[in-house]
Amino acid sequence: MIDVAKRAGVGLGTVSRVVNGGAGVRDETASRVRAAIDELGFQRNEVARALRPGKKSSSLALVLGDLTNPFYATIAKSSLEVAGQDGFAVVLGSVDEDPEGEKRAIQELIGRQVAGLMIVPDQGDHSFLAGAGVPVVFVDRPAHGIEADIVMVDNEGGGRMAADHLLRQGHERIAILLAPSYYTTGRRLRGFRRAYRSAGLTVDESLVVQLPEGTAEAAEKATRELMHLPEPPTALFASTNFLTEGVLRALREVNAEPAVVGFDDFRLADMLPTPVTVVASDIAELGRTAARLLLDRASGTDARPPQRIVLPCALIQRGSGER
């Protein structure tokens, strides 16, 4: 700032007012300051600014899983858009199913004086955040050890919706493929079981497949094994979009056509030879809602107790689930 002031021929206070959008600077003087800033490549240090008494950071943080997963990428994109509209930048941290790595990333971000945290939590203990002095919104699943805001999808309702639909089509031997998860796919399984109970039926536990990994390859292998059973399932419910991909690959290979319903939509699902029926949720709205809530908390305009916001799912019938 000293260099900028010298170049523009003004005092430090004038540079500060221009940089921070303050009043009381003539247009001609402000133009000189901005020209000096451009020439010198000056950038405001947001971390240092946030440390000053009375100043707040203009950065939020988002900690989530593997960004190659469209689910996480969509949350990131939509939350960045909402934050940007309010003049906030978002610092991203990607930590996939690693509680200790997640904790280190969160502590590093808190050390950067961010104004708030959005976290897709791992299954570790999050009680260390209770005294962090920064607002936190959890996304997609609750956290352990702390009461805080959460924005999530109706996973249980979506699981029930998928099973109800297949049962109405006359299927009773429905296999469900589950990705490892301490919360989301467990809730989808709970909804699946509720649909069976409501129909007066019993789930065949041999068709409840807990996969070692939430990958398309794991789902592909499991589907091949299911379809080679002496009495294979007549329908399959894939609990994530990655698993749906693996199911479809395997079915093409074994030349079988059971009914298929996936959880979460995916690109080109409606363009396949048999378009895929899915239980869809608005993932972009998940990110937007979390960002809006965090901005309200960070600004101090929302002093309500911790909120639990659950977004609905919808069944999109395209053909694969109506066989």
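As a reminder, the structure under discussion sits directly above these lines.
All values reported here derive from a predicted model rather than from experimental measurement.

*Asks:* Can you explain a nonpolar patch on the surface? Please cite residues and give values.
*Replies:* Taken together, the side chains of M1, I2 and L12 present a nonpolar region at the surface, about 280 Å² in accessible area. Take I2: it is sitting in helix α1 (residues 2–8). I2 sits in the exposed class, given a relative accessible area of 51%.

*Asks:* Account for the packing of helix α5 (residues 70–85) against helix α11 (residues 283–299), naming residues and giving values.
*Replies:* α11 packs onto α5 with a crossing angle of 40 degrees between their chain directions and a minimal axis gap of 7 Å. In terms of orientation, α5 lies oblique with respect to α11. Crossing hand, α5 versus α11: right-handed. Judged by residue contacts, F71, T74, I75, S78, S79, V82 and A83 of α5 engage I283, A284, L286, G287, R288, A291, R292 and L295 from α11.

*Asks:* I'd like a rundown of the sheet that holds strand β8 (residues 235–238), residues and numbers included.
*Replies:* Sheet architecture is open: 6 strands sit in the order β7-β6-β8-β9-β10-β12, paired in mixed fashion. Edge positions in the sheet fall to β7 (208–210) and β12 (313–316), since each has one partner strand and no second. When the angles between neighbouring strand axes are averaged without regard to direction, this sheet yields 15 degrees. Taken together, the 4 bridges between strand β6 (residues 174–178) and β8 define a ladder with parallel strand orientation. Residue pairing for β8: I176 is matched across the bridge by F237. Lying on the sheet, helix α7 (residues 155–168) is in contact with β6, β8, β9 (259–263), β10 (277–281) and β12; it crosses β9 at an angle near 170 degrees.

*Asks:* How would you explain the sheet that holds strand β3 (residues 116–119) if you had to name every residue and give the values?
*Replies:* One open sheet accounts for 6 strands, arranged β2-β1-β3-β4-β5-β11; its pairing is parallel. Lying at the two open borders of the sheet, with one neighbouring strand each, are β2 (89–94) and β11 (308–311). Going from strand to strand, the sheet's axes swing by 15 degrees on average, the running direction of each strand aside. Against the sheet, helix α6 (residues 99–111) contacts β1 (59–64), β2 and β3, and its axis sits at roughly 160 degrees relative to β3. Strands β1, β3, β4 (136–139), β5 (149–153) and β11 of the sheet are contacted by α11, whose axis makes an angle of about 170 degrees with β5.

Thresholds applied
- Residues numbered from 1 in each chain as written.
- Predicted model: local features only at pLDDT ≥ 70, side-chain atom pairs only at ≥ 80, totals over all residues.
- Heavy atoms only, no water.
- Patch = residues over 30% accessible without salt bridge, like charges linked within 9 Å, V, L, I, M, F, W, Y side chains within 5 Å.
- Areas by Shrake-Rupley, 256 points an atom, 1.4 Å probe, with all protein chains shown as cover.
- Salt bridge = Lys/Arg side-chain N within 4 Å of Asp/Glu carboxyl O.
- Helix = DSSP H or I, 4+ residues; strand = E, 2+ residues; numbered from the N terminus.
- Buried < 20%, exposed > 50% of the residue type's maximum accessible area, 1.4 Å probe, protein only.
- Axes fitted to C-alpha atoms, helices over the stretch in contact; angles between N-to-C directions.
- Parallel < 35°, antiparallel > 145°, perpendicular 65-115°, else oblique.
- Left-handed = near helix turned anticlockwise from the far one by under 90°.
- Contact = heavy atoms within 4.5 Å.
- Pairing = 2+ DSSP bridges.

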